Amino acid sequence: GTLKSAGHVVQTVSYGSKNEGRVETSSTSWTATFLEASITPTSTSSKILVFVSGTANNNATNGARICLTVYRDGSTDLADGEPNGLTSLRSASSTRVEAGMACHGEDSPNTTSSVEYKVYIRNADGAATVEFPSGTSNELPRITLLEIAQ
């Protein structure tokens, strides 16, 4: 294969779907969503940049805080245990509020085997339900992975 110099994008993987459904949770524990993508790094020294975007909603609960993070292979939190994850959104309305969420994380998986990155959500307050994505017909949540040569 072709060698890439440090900082260059080696490969990209992107996934988005309107047909997978949404995840609703009132749990304060991290809950898996359907949004995931896998990549096979070409070098053990590569970094993987992970970008996530989509919409979330508060299910008409004032003060509901949805937190979003990404896990590698179901066990490594890219937010390093930060309670609010890679990003969070708090509602200040008791009407249904849908808002965009976006975040990015960086990972060094140290492997040339396939790795999976999956989006997880939780409700930091636990008193209400939150959803990601906020709907299934118009919403196109997306996860994009970039392998960066080191």
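All residue numbers here refer to positions counted from 1 along the written sequence of the relevant chain. Only residues with pLDDT of at least 70 get local features here, since the model is predicted, and only at 80 or more are side-chain atom pairs given and counted; chain-wide, interface and lining totals rely on the full set of residues. Computation of side-chain values covers all heavy atoms of the structure but excludes hydrogens and water.

## What to know about the pattern of salt bridges
Reasoning step 1: A pairing counts as a salt bridge when a side-chain nitrogen of Lys or Arg comes within 4 Å of a carboxyl oxygen of Asp or Glu. Scanning the entire structure with this criterion turns up five salt bridges.
Reasoning step 2: Here Lys47 ties to Glu106 by a salt bridge, and the two come within 3.6 Å at their closest N and O atoms. One end of the pair, Lys47, is in strand 4 (residues 47-57); the other, Glu106, is in strand 8 (residues 98-107), with 59 residues separating them in the sequence.
Reasoning step 3: The partly exposed category is assigned to Lys47, whose relative accessible area is 25%.
Reasoning step 4: In this scheme, a residue with accessible area under 20% of its type's maximum is buried, one over 50% is exposed, and one in between is partly exposed, where area comes from a 1.4 Å probe on protein chains only. Relative accessible area serves as the criterion here: at 47%, Glu106 is assigned to the partly exposed category.
Reasoning step 5: With a shortest N-O distance of 3.2 Å, Arg90 and Asp125 are connected by a salt bridge. One end of the pair, Arg90, is in strand 7 (residues 87-90); the other, Asp125, is in the loop between strand 9 (115-123) and strand 10 (130-132), with 35 residues separating them in the sequence. Secondary structure is summarised from DSSP: a helix means a run of H or I of at least four residues, a strand means a run of E of at least two, and numbering begins at the N terminus for each.

## As for the packing of aromatic side chains
Reasoning step 1: Stacked, edge-to-face and tilted are the three classes for Phe, Tyr and Trp ring pairs, Trp counted by its six-membered ring, which pair at centre distances within 6.5 Å; planes under 30 degrees apart are stacked, over 60 edge-to-face, the rest tilted. For the structure on display, the rule yields one aromatic pair.
Reasoning step 2: Here, over-ring charges are defined by two tests on the NZ atom of lysine or the CZ atom of arginine: distance to the ring centre within 6 Å, and angle to the ring normal within 35 degrees. Geometry around Trp30 places Arg122 over its ring, the cationic atom sitting 5.5 Å from the centre.

## Quick notes on the pairing of strand 5 (residues 65-72)
Reasoning step 1: Here strand 5 lies mainly inside the structure; eight of its eight residues are buried.
Reasoning step 2: Alternating positions in strand 5 separate into two faces, Arg65, Cys67, Thr69 and Tyr71 on one and Ile66, Leu68, Val70 and Arg72 on the other, with burial throughout.
Reasoning step 3: The pairing of strand 5 with strand 7 spans four bridges and is classified as antiparallel. Counterpart to Arg65 in the pairing with strand 7 is Arg90.
Reasoning step 4: Relative to strand 6 (residues 76-77), strand 5 is paired through two bridges, and the arrangement is antiparallel. Opposite Tyr71, over in strand 6, you have Asp77 as the bridge partner. Here, strands pair whenever DSSP counts at least two bridges between them.

## Here we look at the side chain of Asp107
Reasoning step 1: Along the chain, Asp107 falls in strand 8.
Reasoning step 2: The buried category is assigned to Asp107, whose relative accessible area is 7%.
Reasoning step 3: Engagement of the side chain of Asp107 in a polar contact is seen with the side chain of Arg72, the distance being 2.5 Å.
Reasoning step 4: We call two residues in contact whenever any of their non-hydrogen atoms come within 4.5 Å of each other. When neighbours within four sequence positions are excluded, Asp107 is seen to be in contact with Ser46, Lys47, Ile48, Arg72, Leu78 and Tyr117. Counting of polar contacts relies on pairs of N or O atoms within 3.5 Å, with two restrictions inside protein: one atom must be capable of donating a hydrogen and the other of accepting it, and residues adjacent in sequence are counted only when both atoms are side-chain atoms.

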